[in-house]
Amino acid sequence: MTTPAGPSVLASDGYKFSMAQAGYPLRTETFYLSHRRGGPQVLPFDPHALVASALPWAAPDDYAYLADHAYEMGAAFKAAVLGRAGLTVRALPKGAWFLPREPWLTITGPSALVSWLEPLLLQASFRVQVATLALTAPDALPRELGVLTCEAERELVAETLDAVGVVAPRLEVDEGAYAARVASRVRDVARLTEGRFFEVGLRAATCVAQHRVALAAAKEAGLRQTSHVLLARELGLTPVGTMGHEHVQRFGADEDAFRAMRDRRPGRSSFLLDTFDTLRSGLPAALRVMAEAPEAGDSVRYDSGDKEAQYREVVRAGRELGLRPVHILEDSFDLPLTQRFEDLRRELGVPADTQFYGYGGFLVAQPTNRALTRDRVAAVYKLSQSGPTPNMKFGDETSAGKK
């Protein structure tokens, strides 16, 4: 039997599957990819070919695995994944330069499919940065790229430099050193959180192979949960993920989105607060929905904005309603910020078993001590139209450029 080309349908984040369960898998949607900062940058590849190489295929046991972990995909999702003829890709040509916030790629097609592509397409930001550095500061190449994390990453760098006509410096691979740095950070996180953490670094990796090295090391150091469903299966970890901003944008209102997630899929829900306005919309809507079933064990997820102020308000308002919400803390968390929220938890008397942390780039990208990371250019893949309705994320953190 010939193995189909392209990645497995499991090679995405867990919340892509939960959002498909609670959303509209066959609705036509448009996403765009851009870099919010980093100055002028160059495309060293054909974006159409990039999208084609990322299109997934599915085996029957893939869907069985998803169902075993509460991600049972229906006929609409399966049709969306197979509906490649319905895709429209618009992009700058290979070799083009683009500016911050300028979309260099847009994809229109069935919601579940175009959403699914996000983490693999975001990894292309590494190749863009390599090409841009090669053309603007070639003397910095040995410092930034002299030691790489895996053989697949080395091949990506060599291919990218060849595409822009720059001779590659000596490219060494030290997979062991990278794995050791990841493991060290995981042990620090595990100690500080007493095991209350999970990993969300697929979008921060340069390629799936690098993420495999990181997750294998992380598992040995104590990691038990990851958002990367494919590697969760391969490594015996638990896949996790419930809701992203696109889900709330899709419904146009926090409360409608939260109810859809609660009512359309089994298990606990995690309500993301900051899509439109955290304190005036997301937070009160989440508490209203949670108050209808306080025994469900649902959680609130903090992302952008003043997370400490949001946390204090959730604790205060939750207690007024007799709720014991679970707190999920993500976005830029490192050891000092984790310590701050552990101290805050103790100050406010929040039980340890109701507070969990998600780590992405801190575990996967930063341990390489490399400047060329997704965060450096703030690469984003955002929903811009759902059905006939244009939409966007507003949030609260305009100073960080996350609007």
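Parameters at a glance
- Residues numbered from 1 in each chain as written.
- Predicted model: local features only at pLDDT ≥ 70, side-chain atom pairs only at ≥ 80, totals over all residues.
- Heavy atoms only, no water.
- Salt bridge = Lys/Arg side-chain N within 4 Å of Asp/Glu carboxyl O.
- Buried < 20%, exposed > 50% of the residue type's maximum accessible area, 1.4 Å probe, protein only.
- Helix = DSSP H or I, 4+ residues; strand = E, 2+ residues; numbered from the N terminus.
- Pairing = 2+ DSSP bridges.
- Phe/Tyr/Trp six-rings, centres within 6.5 Å; stacked < 30°, edge-to-face > 60°.
- Lys NZ or Arg CZ within 6 Å of the ring centre and 35° of its normal.
- 1 Å grid on protein atoms, 1.4 Å probe; cavity = no way out; pocket = protein on both sides within 12 Å on 5 of 7 lines; lining within 4 Å.
- Points joined across faces, edges and corners; volume = space filled by probe spheres on them.
- Nonpolar A, V, L, I, M, F, W, Y, C, P; charged D, E, K, R; others polar.

Right, let's get into the pattern of salt bridges. Taken as a whole and assessed by the stated rule, the structure comprises 34 salt bridges. With its nearest N and O atoms 3.2 Å apart, the salt bridge here joins R170 to E172. With relative accessibility at 69%, the residue R170 sits in the exposed group. Exposure remark for E172: the relative accessible area of 35% places this residue in the partly exposed category. The closest approach of N and O atoms between E308 and R340, which form a salt bridge, is 2.8 Å. Placement of the pair is E308 in helix α16 (residues 307-320) and R340 in helix α17 (residues 335-348), with a sequence separation of 32 residues. One salt-bridge network, in which partners are shared between bridges, spans D13, K16, E29, E118, R203, E246 and R250.

Pairing between the strands of a sheet is mediated by backbone hydrogen bonds and can be parallel or antiparallel. Strand order across the open sheet formed by 5 strands is β3-β5-β1-β15-β16, with antiparallel pairing between neighbours. The sheet is open, and its two borders are formed by β3 (88-91) and β16 (389-390), each paired with just one other strand. Of the pairings in the sheet, the one linking strand β1 (residues 28-35) to strand β5 (residues 105-110) comprises 6 bridges and is antiparallel in character. Directly across from T28, in β5, lies its bridge partner P110.

Counting across every chain of the model gives 15 aromatic pairs. Members of the aromatic cluster, connected to one another through ring pairs, are F197, Y302, Y311, F333, F341, Y357, Y359 and F362. The lysine or arginine in question, R27, covers the ring of Y24, its NZ or CZ lying 3.9 Å from the ring centre. One Lys or Arg, K78, reaches over the ring of Y63 and ends 4.7 Å from the middle of that ring.

The full count for this structure, using the stated rule, is 2 cavities of 30 Å³ or more. Estimated volume of the largest cavity: approximately 90 Å³. What lines the largest cavity is a set of 16 residues, among which A204, T206, L372, T373 and R374 lie closest to the centre. Looking at the lining of the largest cavity residue by residue, the classes come out as 7 nonpolar, 6 polar and 3 charged. Volume-wise, the second largest cavity comes out at about 50 Å³. What lines the second largest cavity is simply K16, M19, A20, G23, Y24, P25, S111, A112, S115, E246 and R250. Of all elements in the fold, only α1 (14-22), α5 (111-116) and α13 (245-251) reach the threshold of two or more residues within the lining of the second largest cavity. Tallied by class, residues from the lining of the second largest cavity come to 5 nonpolar, 3 polar and 3 charged.

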